[in-house]
Amino acid sequence: MNNQIKYFFFFIPCIWCFVLHAQNTGGEFDRTIDSLKTELKKAKHDTTRCIILHTLSETAGDDEWPGFNDELKKLAEKNLALSPGDDLKHFYLKYLASSLSNLGLIALMQGDSEKGLGYYQRALKMQEEVNDKEGIALSLNNIGGIYDNFSDIPKALEYFNKSLIIREEIGDKFGIANSLNNLANVYDNQGNIEKALEYHHKSLKIKEEINDINGISISLNNIGIIYDHQGDEKKALEYYQKSLALKQKTGDKSATAAAFLNIGIIYKKRGKIQEAFDCYEKALALQQEINDNSGIASSLNSMAHIYTLKGDTVKALNNYYKSLEIREKIKEKRGLINSLNNIALLLTRKKDLQQAADHGKRALLLSNEIGYAESIKNSAHTLAKVYERQKNYAGAFEMYKLEIKMQDSLNNEQTRKASIKTQLKYEFEKKEAVIKEQQEKEQAVAEEKNRFQQIVIGFVVLGLLFVMVFTVFIFRSLKTTRHQKDIIEEKQKEILDSIHYAKRIQTSLLPTEKYIEKHLTIKK
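This is a predicted model, so every value here is computed, not measured.

Q: Hey, could you go over the nonpolar core for me, with residue numbers and the actual values?
A: Of all hydrophobic cores here, the largest spans 77 residues; its most connected members are I143 and I263. When neighbours within four sequence positions are excluded, I143 is seen to be in contact with L117, Y120, Q121, L124 and Y159. In this structure, A60, W65, L75 and A97 belong to the second largest nonpolar core, which totals 30 residues.

Q: How would you sum up helix α15 (residues 293–310)? Please name residues and give values.
A: Helical periodicity: at 3.6 residues per turn, an α-helix aligns residues three or four positions apart in one direction. Relative to the 26 Å expected for 18 residues at 1.5 Å per residue, α15 spans 26 Å between its end C-alpha atoms, a close match to the ideal helical length. Of all the residues in α15, the buried ones are G295, I296, A297, S299, L300, N301, S302, M303, A304, I306, Y307 and T308. Of the residues trailing α15, G311 is marked for its positive phi of about 85°.

Q: Got a sec to walk through the side chain of S243? Specific residues and values, please.
A: Relative to the helices and strands, S243 resides in helix α12 (residues 233–250). Filtering out sequence-adjacent residues up to four positions away, S243 remains in contact with S217, L220 and N221.

Q: Before we move on, can you summarise helix α8 (residues 153–170) with the specific residues and values?
A: In this model, α8 (18 residues) spans 26 Å end to end at C-alpha, consistent with the 26 Å of a helix rising 1.5 Å per residue. Residues I153, P154, A156, L157, E158, Y159, F160, N161, S163, L164, I166 and R167 constitute the buried set of α8. Two residues or fewer after α8 comes G171, characterised by a positive phi angle close to 70°.

Q: How would you explain the pattern of salt bridges if you had to name every residue and give the values?
A: Taken as a whole, this structure holds 17 salt bridges when the rule is applied. When the shortest N-O distance is used, the salt bridge between K37 and E64 registers 2.6 Å. Here K37 is found in helix α2 (residues 28–42), whereas its partner E64 is found in the loop between α3 (46–59) and α4 (65–80), with 27 residues between them in sequence. A residue is classified by how much of its surface remains accessible, and K37, at 23% relative accessible area, is partly exposed. Overall, the relative accessible area of 29% leaves E64 in the partly exposed class. A salt bridge links E289 to K253; its shortest N-O distance comes to 2.4 Å. One end of the pair, E289, is in helix α14 (residues 273–289); the other, K253, is in helix α13 (residues 253–269), and 36 residues separate them in sequence. Of the residues examined, E289 reaches a relative accessible area of 48% and is grouped as partly exposed. According to the relative accessible area criterion, K253 is partly exposed, its value standing at 34%.

Q: Break down the packing of aromatic side chains for me, citing the residues and quoting the values.
A: If you walk through the whole model with that rule in mind, you get seven aromatic pairs. On the basis of an interplanar angle of 65° and a centroid distance of 5.1 Å, the ring pair of F277 and Y307 is categorised as edge-to-face. With F277 in helix α14 and Y307 in helix α15, this pair connects stretches of sequence that are 30 residues apart. A relative accessible area of 14% places Y307 in the buried class. Aromatic ring contacts, followed pair by pair, group F91, Y92 and Y95 into a single cluster. Cation over ring: K242 sits above Y239, and NZ or CZ is 5.2 Å from the ring centre.

Q: If you had to explain the packing of helix α16 (residues 313–330) against helix α17 (residues 333–349) to someone new, which residues and values would you point to?
A: Two elements in contact, α16 and α17, have axes separated by 9 Å at closest approach and are oriented at 155°. As summarised for this structure, α16 and α17 are arranged roughly antiparallel, according to the angle between their axes. Remark: the crossing between α16 and α17 carries left-handed chirality. Every residue of α17 that contacts α16 at T313, A316, L317, Y320, Y321, S323, L324, R327 and E328 is listed here: G335, L336, N338, S339, L340, N342, I343, L346 and L347. Here the contact of α16 with α17 is built from residues that sort into ten nonpolar, six polar and two charged.

Conventions used here
Residues numbered from 1 in each chain as written. Predicted model: local features only at pLDDT ≥ 70, side-chain atom pairs only at ≥ 80, totals over all residues. Heavy atoms only, no water. Core = buried A, V, L, I, M, F, W, Y, C linked by side-chain atoms within 4.5 Å. Buried < 20%, exposed > 50% of the residue type's maximum accessible area, 1.4 Å probe, protein only. Contact = heavy atoms within 4.5 Å. Helix = DSSP H or I, 4+ residues; strand = E, 2+ residues; numbered from the N terminus. Expected span 1.5 Å × (residues − 1). Salt bridge = Lys/Arg side-chain N within 4 Å of Asp/Glu carboxyl O. Phe/Tyr/Trp six-rings, centres within 6.5 Å; stacked < 30°, edge-to-face > 60°. Lys NZ or Arg CZ within 6 Å of the ring centre and 35° of its normal. Axes fitted to C-alpha atoms, helices over the stretch in contact; angles between N-to-C directions. Parallel < 35°, antiparallel > 145°, perpendicular 65-115°, else oblique. Left-handed = near helix turned anticlockwise from the far one by under 90°. Nonpolar A, V, L, I, M, F, W, Y, C, P; charged D, E, K, R; others polar.

Structure (C-alpha cells):
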C-alpha cells in the first residue's frame, strides 16, 4: 500500500470527527467548511483531495455542494484514466460512484427521475466492482425509491429488501431503520395499515437504540400521519406531539414548523380553534426566521381559515392576499389556485361579486393550464357559486356541469387506481412471498453453516480435551514409572551394598593367600 493510501486511512477519521463536532456546536459548522476549503487548497495528494471534496459535497450548502461534487467526479475520472494499481483503482472507483449518486440526487431534484435512475445504476455497478457494501445498499435503496415514485411496487419492494438484507449483513443500524421506514411507506401506499405500522415501529425501535433523535422524530411523525388518515385523531395528536418535542431539541426549525402545522390541523378537526391558531402562529414565526416562503404561505392560509371560522373576514382576506403574493412570487401554482378560490368565496360572502368572479376565472384558467382535475373541479365550484350570486344562471349551470364532469373523471381515475392498486398489491404480495422465501433459505443456509461450524468447533474442543486428558495420563504414568524406577534403583543399591558388606566381612575372616602359602610350605 503506497503512502497516499496510508494518508487516506489516517485523514478520513480526522475529517469526520471535525465535521461531526462542528455540527454539534452549531455556529462552528461554517468555520469547519472554511477549514476544509483551506485544507483542500493545501492538499498535495489526489487521494486526500478526493476525501475532502467528498466531505464538502456531503456537508456544504445547497449553492456549493454540487460544485464540489463535480470536482470530485473529474478528479476520480482523471486518476482512473491513468490505470492505477488495484488499491488506488478501488479507491477512485468508490469516490466516482459517490459523485454519480449525488448527480442522481440532483436529477431527482430537477424532476428527471429517469436520469436519476441512470446515475444510481452506474454508481451501483462501480460499488459492486469494489465490493463497497455500504454504497451498494445505499444505491439499491435509492433505486427502490425511484421505482416507488414510478408506482412500480414489485421493483420498489425488490430493491428496498435487497438494501435491507445487505444493511443487516454489515450491521448498519441507521441504514436498517431507513430501509424499514421505506418499506413501511410502501405498505401504507398499498393500504396495508397494519404492516405499515409494524415496520414504522420496527424502524422506530432501532432509531431509539442508536439514539437517532432526528430519525425518531420522523418515525413518530409518520406514525401520526397514518393515524390521522385513519381518523384516529387522538393517537395522531399523541405522536405529532412526541415528534414535535424531539424536533424542538434538534433545533430543526423547518421540521418543527411542519409539526406545529400538523398539530394545528388536528386541533382544528376537533373544534379547538384557538389551539389550532396558536400552532399556526408558532409555525409561521419559525418559517419567517428561516425564510421558508412555501411554509409561510401555508401558515398564512391556515390562519386565514381560522379567521374565517371566527367571522373576521378582514383579517382572513388579509392573510389570503399575503399567501397569494408569496405563492405568485415562488410560482407555486397549485397553492396559488387554492388562495384564489378562497379569496373568491370570501369576496362572495362580502358581496364583492365582480372581484370574486375575477379571482375565480383566474383560478380556473390556471387549473386548466396545469391540468389537475381536482383543481379544475374546485375552481368550477367557486365560479358556480359566484355566478349564482350574480344571477348568471347560465354561467352557473356551465360551471356545475364542469364540476360534475371533473368529479366523474376523478371517480373514474380513482376506480382505475383502485384496480391498479389491487393488481399491484397482488404482485407485491407475490414478490414479497418470493423474497421472504429467499430470505428464509438464506437464513437456513446460514444457520446450517453456523451449525456445521459449531459441530466442527465441538469436535476440535473434544479433541483438545482428549489430548489434554491423554497428556495428563501419560505424564502421571511417566511420573509413576519414574518413581518405581527410583524405588527399584534404591533397592538394587541396598542389595549391592549388602553384598559388598558381606564380601568385606568374608574377606576379613579368611586367611590371606600369603598366610596359607607360608604355613603350608614343607621344610626340607
